[in-house]
Amino acid sequence: MKIVLPLGFILGAAVGAQMPERAPNVLPAAATTELVQSLAAVAPHAKTVWRDMSALNDNGSVNGFVEIPRGERRKFEFDMKANALRIDRVMPESLGGYPVNYGWVPQTISYDGDPFDVLVLGPEIAGGSVVQGVIVGLMFMEDETGHDSKVVISAAGPDGRPVHPLTAADQARIGDYFSRYKAHEPGKFSRVPGWGSAAQGLSYVKTTHAFFVGCRQQGGKPCEVTAR
């Protein structure tokens, strides 16, 4: 489903100095429709990670549900109706496997109508796992659907600090992959214009959680949230 954000926001996101300190606080109309449909799809299930697990924990950590392990070429996606992972497609061999564990944050809805994406640093993590992670940054991204940024987290050590910091090498490796990963799909594109701080990542998690909580009665209309 194509969701178009205002041109001013897209142009602003392409310039590092103008990247927003806080997440945009309006969920597009098409995304509110997706939220309503997803909630209806999971309604028959007594328990589902997306609907029933919290986005943030009391200690400030973020829950990340892993769909795709690092190194995997198969693009798994969560089927709301089946309450299970399924294979959506396989990435070309020339592109290679995902450079980082990839998934989403429970109880969130993002600007494209899907749960808000999370990148989990570190070695391969099995699909279907839930990681309690410390936010270490934000990858700004845009594609043909509009705004598609992703929070970056790491598992925490005994001292509460991230086990895997987000290094410049990580940013180059991950950013290069996501800048190319739609090049083989006609009519689609992806760009990674820059990286944000842990505080910016937290703003996106809180905002997309607020969308999940406050926009379910706004299906088919833009939904603005204020509590972030």
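Structural data are supplied above this passage.
Right, let's walk through the structure included here. A quick note: this is a predicted structure, and the numbers were derived from the prediction, not measured.

## Here's the deal with the overall build of the chain
Of the regular secondary structure elements, the chain holds five helices and 11 strands. Whereas a compact globule of 228 residues would reach a radius of gyration of roughly 17 Å, the chain reaches 16 Å, a difference of no more than 12%. Considered along the principal axes of its C-alpha atoms, the chain spans approximately 40 × 40 × 35 Å. Looking at the chain as a whole, 50% of its 228 residues are labelled buried. Considering only residue pairs separated by 6 or more positions, the chain has 68% of its internal contacts joining residues 24 or more positions apart. Summed over its atoms, the accessible surface of the chain is roughly 10,200 Å², and 53% of this surface lies on carbon and sulfur atoms.

## Comments concerning the packing of aromatic side chains
If you walk through the whole model with that rule in mind, you get 14 aromatic pairs. Their ring planes at 80° and their centres at 5.6 Å tell us that Phe65 and Phe78 sit as a pair that is edge-to-face. Of this pair, Phe65 sits in strand 2 (residues 62–68) while Phe78 is found in strand 3 (residues 74–79), placing the two residues 13 residues apart along the sequence. By relative accessible area, which is 14% here, Phe78 ends up buried. Seen from their ring centres, Phe116 and Tyr204 are 6.0 Å apart, and the 20° between their planes marks the pair as stacked.

## Quick word on the pattern of salt bridges
One pass over the full model with this rule turns up 16 salt bridges. Taking the shortest distance from any N to any O, the salt bridge between Arg74 and Glu72 comes out at 3.0 Å. Residue class for Arg74 comes out partly exposed when judged on its relative accessible area of 36%. Exposure remark for Glu72: the relative accessible area of 18% places this residue in the buried category. Here Lys150 and Asp148 are joined by a salt bridge, their closest N and O atoms 3.1 Å apart. The residues Lys150 and Asp148 share a single accessibility class, namely buried.

## What to know about the pairing of strand 3
Taken together, the six bridges between strand 3 and strand 4 (residues 84–90) define a ladder with antiparallel strand orientation. If you follow Arg74 over to strand 4, its bridge partner there is Val90. Two successive antiparallel strands, strand 3 and strand 4, enclose a turn made up of four residues, where Asn83 displays a positive phi of approximately 55°.

## Focus on the nonpolar core
One finds Trp50, Val105 and Val151 to be the most contacted residues of the largest nonpolar core, which totals 35 residues. Elements that contribute at least two residues to this core include exactly helix 2 (29–42), strand 2, strand 6 (117–120), strand 7 (130–143), strand 9 (150–155) and helix 5 (198–214). Ranked by residues supplied to this core, first place goes to helix 5 with five residues. Residue contacts for Val105: discarding those within four places in its chain leaves Ala55, Val62, Asn63, Pro115, Phe116, Val118, Val151 and Val205.

## Topic: the state of the cysteines
Within this structure, the stated rule accounts for one disulfide. Put simply, Cys215 and Cys223 are joined by a disulfide, and their sulfur atoms are 2.1 Å apart. Residues Cys215 and Cys223 are joined by a disulfide whose S-S torsion is about -85°; by sign, that bridge is left-handed. Residue Cys215 is classed as buried on the basis of its relative accessible area of 0%.

Cut-offs and rules
Per chain, residues are indexed from 1 in the order of the written sequence. The model is predicted, so local features are restricted to residues of pLDDT at least 70 and side-chain atom pairs to those at 80 or more, both for listing and for counting; the totals for chains, interfaces and linings are taken over all residues. Heavy atoms from the whole structure form the basis of all side-chain values; hydrogens and water molecules are not counted. Numbering of helices and strands runs from the N terminus, with a helix taken as a DSSP run of H or I at least four residues long and a strand as a DSSP run of E at least two residues long. Between the two quantities, the radius of gyration covers C-alpha atoms and the globule rule is 2.2 Å times the number of residues to the power 0.38. Think of it in three bands: with a 1.4 Å probe and only protein chains considered, a residue is buried below 20% of the maximum accessible area for its type, exposed above 50%, and partly exposed in between. Pairs of residues are marked as contacts when any of their non-hydrogen atoms sit within 4.5 Å. Residue burial considers only the protein chains on display, and all accessible areas are found by Shrake-Rupley using a 1.4 Å probe. Ring geometry is summarised as follows: Phe, Tyr and Trp rings, the Trp one being its six-membered ring, pair when their centres sit within 6.5 Å, and such pairs are stacked at plane angles under 30 degrees, edge-to-face over 60 and tilted between the two. A carboxyl oxygen of Asp or Glu within 4 Å of a side-chain nitrogen of Lys or Arg is what we treat as a salt bridge. When DSSP finds two or more bridges between two strands, those strands count as paired. In these notes, a set of buried Ala, Val, Leu, Ile, Met, Phe, Trp, Tyr and Cys residues joined through side-chain atoms within 4.5 Å is what counts as a nonpolar core. When the sulfur atoms of two cysteines come within 2.5 Å, that pair is taken as a disulfide.

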